Amino acid sequence: MADNEQPVKPKSKKMLFIILGAVLALAIGGGAAYYFLVMKADSKSAESSKPKVPELQIFVPLEIFTVNLRPEAAEPQQYLQTTLNLQVPSEEMSANLKARMPELRSRVLLILTNKKASEITSVEGKNALMTEIIEQLQKPFSGSETEQKITGVYFTSFIIQ
């Protein structure tokens with residue numbers, strides 16, 4: 001019986017190392033995926049949940065404008081009385097606009113007197129007027145090469161008669 005038995009060969013540990021390597025690679029890959037998908041998403045959501053500090057906005061009130069509007073074909077002369085506030089991003093820009101108030105008002109008056117009542121009575125007309133005012137007021141003033149930064153124009157009074 002001893003002759004029929006063959007000597008037992010030691011089992012190869014090669015297969016064991018391959019299996020352990022595969023399990024280790026999967027664990028590292030899973031850990032990395034968890035970190036990038038879950039942990040990074042949590043940190044981004046934590047950042048976005050922080051209350052954002054609003055940017056400081058300065059409003060520059062302008063005196064009342066009373067202008068003759070361009071006449072309509074069959075309508076009597078119409079007038080516009082409006083009050084505007086300009087929104088600027090800094091005190092420096094506010095001071096710059098206040099120092100140039102005569103030129104600023106002149107630009108606004110030229111825009112307003114060139115309008116017909118029918119052009120500015122609708123919401124779309126008022127929005128177009130605000131855009132036009134911003135475009136004109138952002139251009140450099142005479143003797144200056146820097147543009148003004150105006151972030152908004154707001155009507156606080158708007159009467160057509």
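Residues numbered from 1 in each chain as written. Predicted model: local features only at pLDDT ≥ 70, side-chain atom pairs only at ≥ 80, totals over all residues. Heavy atoms only, no water.

A.B. asks: Which residues make up the overall build of the protein, and what values go with them?
C.D. replies: Per the secondary structure count, the protein includes five helices and four strands. Going from N to C terminus, the protein has its helices and strands arranged as α-β-β-β-α-α-α-α-β. Buried residues in the protein amount to 24% of all 161 residues. Taking as baseline every contact in the protein between residues at least 6 positions apart, the subset at least 24 positions apart corresponds to 70%. (Helix = DSSP H or I, 4+ residues; strand = E, 2+ residues; numbered from the N terminus. Buried < 20%, exposed > 50% of the residue type's maximum accessible area, 1.4 Å probe, protein only. Contact = heavy atoms within 4.5 Å.)

A.B. asks: Outline the pairing of strand β1 (residues 58-61), supporting the account with residue identities and numerical values.
C.D. replies: Side chains Ile 58 and Val 60 of β1 all project onto a buried face; the interleaved residues Phe 59 and Pro 61 project onto a face where none is buried. As paired elements, β1 and strand β3 (residues 79-88) share four bridges and run antiparallel to each other. Residue Ile 58 lies in a different strand from β3, and its bridge partner there is Val 88. (Pairing = 2+ DSSP bridges.)

A.B. asks: So, the packing of aromatic side chains: which residues are in play, and what are the values?
C.D. replies: Enumeration over the complete set of coordinates arrives at two aromatic pairs. Sitting above the plane of the Phe 65 ring, Arg 105 keeps its charged end 4.1 Å from the centroid. (Phe/Tyr/Trp six-rings, centres within 6.5 Å; stacked < 30°, edge-to-face > 60°. Lys NZ or Arg CZ within 6 Å of the ring centre and 35° of its normal.)

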